[in-house]
Amino acid sequence: MNRRECLHLLTGLAGTVLAGEVRAEEPKAMPTITPPDPNPKTPSFKLPPKSCDSHTHIFGPASRYPFSEKRPYNTADAPLEMFRSVHEKIGVERCVIVNATVHGTDNRVVTDAIAGSEGAYKGIANVNDEMTEKELGALDKAGICGCRFAFLKRLGGVGDMNKFQRIVHRVAELGWHIDVYFEPGTIAEFAPILTALPTPYVIDHMGTVQTGKGLDDPGFTSLLDLQKKDEKCWVKITGLERASSTGKPFQDAVPFAKALIDNAPNRVLWGTDWPHPNVKVMPNDGEIVDLIPLFAPDAKVQQKLLVDNPARLFKFT
């Protein structure tokens, strides 16, 4: 290669690099999620005594419980006072607080709420493999009865499955269960892992079913099959607003909720998912309660879903 050819090649390479720099995508800004409906309606359906909201969150206040620097989204505070107000309005007496990813592995927002609840609250923690036995034991004494794994890309993805297995076996010794949140249509992929777990597991948000795909969708029938066959499998009847393809009042999700309840009525749980992080259509919590008699019209089934099942799994006294 002569000098002219060499200069031409270098010039071309430089242009390619510069063009690449121009075309490079800007880092995506952290999304800010919509706050919950501040005016929950008084539901027409009256929840039975000791009804449990088995999936709910508390955010902040950030001044006291700082959000994690690695959080996947920004959010306004949804503090304990607001949380209690919503439950009082809709008739919830017990609840299970699931620590959200915005708080990382700092579980104080959950354990502090439990400490002031006079036995009415339990919690699901965020943990990692670096936590000591002493730290896990302290969470157990503070009212934590399980830990959560979100296998969603927007919340960090699948991660190291070896670490997952180590954590699962460690918390199983404490008598905890595992809470799992999956991408739509991935239940069949995870089923062999779930059935081999040494402890019960709870599948969030009806397995992230998508109503537009119908009741015969393989993603949903895989969930029904797993729920039926594995006695360790529990399913949360939550997130109808996430499942819906038609929007409010989300009644297109009712047949899916009913199918899961009818399939294993002793291993289903109900919850609001307040303050509803990352939803496309923000629900009203009073309206969520009024969906219950549509997918669980029988009073005995309502008692199982709302009172007896959560009391057994979460060990309320």
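Residues numbered from 1 in each chain as written. Predicted model: local features only at pLDDT ≥ 70, side-chain atom pairs only at ≥ 80, totals over all residues. Heavy atoms only, no water.

**Structural notes on the confidence of the model for the protein**
Detail in the predicted coordinates should be disregarded across regions flagged by low pLDDT. How we decide: On a range of 0 to 100, pLDDT expresses the predictor's confidence in each residue. The secondary structure listing takes helices from DSSP runs of H or I that are at least 4 residues long and strands from runs of E that are at least 2 residues long, numbered from the N terminus. The contact criterion used throughout is that any non-hydrogen atoms of two residues lie within 4.5 Å.
On average, residues of the protein score 91 in pLDDT, and 89% of them reach the 70 mark or higher. By mean pLDDT, helix 1 (residues 3-23) is the weakest element of the protein at 37, and strand 8 (residues 268-270) is the strongest at 99. Within the model, pLDDT remains below 50 along residues 1-26, and this stretch shows two contacts once partners closer than five positions in the same chain are excluded.

**Some words on the pairing of strand 1 (residues 52-56)**
Quick note on the threshold: Buried, partly exposed and exposed residues are distinguished by accessible area as a fraction of the type maximum, computed with a 1.4 Å probe on protein chains only: under 20%, between the cut-offs, and over 50%, respectively. Should DSSP find at least two bridges between two strands, the strands are taken to pair. Here, the term right-handed applies to a crossover whose path from the first strand over the helix to the second runs clockwise when the strands point away from the viewer.
Of all five residues making up strand 1, five are buried, and the element is well covered by its neighbours. Examined bridge by bridge, strand 1 and strand 2 (residues 94-98) share three bridges and lie parallel to one another. When the sheet's bridge partners are listed, Thr 56 is paired in strand 2 with Ile 97. Traced from strand 1 through helix 2 (residues 80-90) to strand 2, the parallel crossover comes out right-handed.

**As for the sheet that holds strand 5 (residues 177-182)**
Sheets are built from strands that pair by backbone hydrogen bonding, the pairs being arranged parallel or antiparallel. We apply this condition: Axis geometry follows a simple rule: fit a line to the C-alpha atoms, using only the stretch in contact for helices, then measure angles between N-to-C directions, giving values from 0 to 180 degrees.
Spatial strand order, 1-2-3-4-5-6-7-8: eight strands in an open sheet with parallel pairing. Sheet topology places strand 1 and strand 8 at the edges, where each strand pairs with a single neighbour. Going from strand to strand, the sheet's axes swing by 25° on average, the running direction of each strand aside. Where strand 4 (residues 144-151) meets strand 5, six bridges bridge the pair, whose relative direction is parallel. From the neighbouring strand, Cys 147 faces strand 5, where its bridge partner is Ile 178. Running over the sheet, helix 12 (residues 299-314) touches strand 1, strand 2, strand 3 (121-125), strand 4, strand 5, strand 6 (201-203), strand 7 (233-237) and strand 8 and is turned about 110° from strand 8.

**Brief notes about the packing of helix 6 (residues 187-195) against helix 7 (residues 218-229)**
The test is simple: Orientation is classified from the angle alone, with under 35 degrees giving roughly parallel, over 145 giving roughly antiparallel, 65 to 115 giving roughly perpendicular, and any other angle giving oblique. Take the far helix as your reference; a near helix turned counterclockwise from it by less than a right angle gives a left-handed crossing, and one turned clockwise gives a right-handed crossing. As a working rule, the residues Ala, Val, Leu, Ile, Met, Phe, Trp, Tyr, Cys and Pro are called nonpolar, Asp, Glu, Lys and Arg charged, and the rest polar, with Gly in that last group.
For the pair helix 6 and helix 7, interaxial distance at closest approach is 9 Å and the crossing angle is 15°. On the basis of their axis angle, the class for helix 6 and helix 7 is roughly parallel. In this structure, helix 6 crosses over helix 7, and the sense of that crossing is right-handed. For the pair helix 6 and helix 7, the contacting residues are Ile 187, Ala 188, Ala 191, Leu 194 and Thr 195 in the first and Gly 219, Ser 222, Leu 223 and Leu 226 in the second. Of the residues in the contact of helix 6 with helix 7, the class split is six nonpolar, three polar and no charged.

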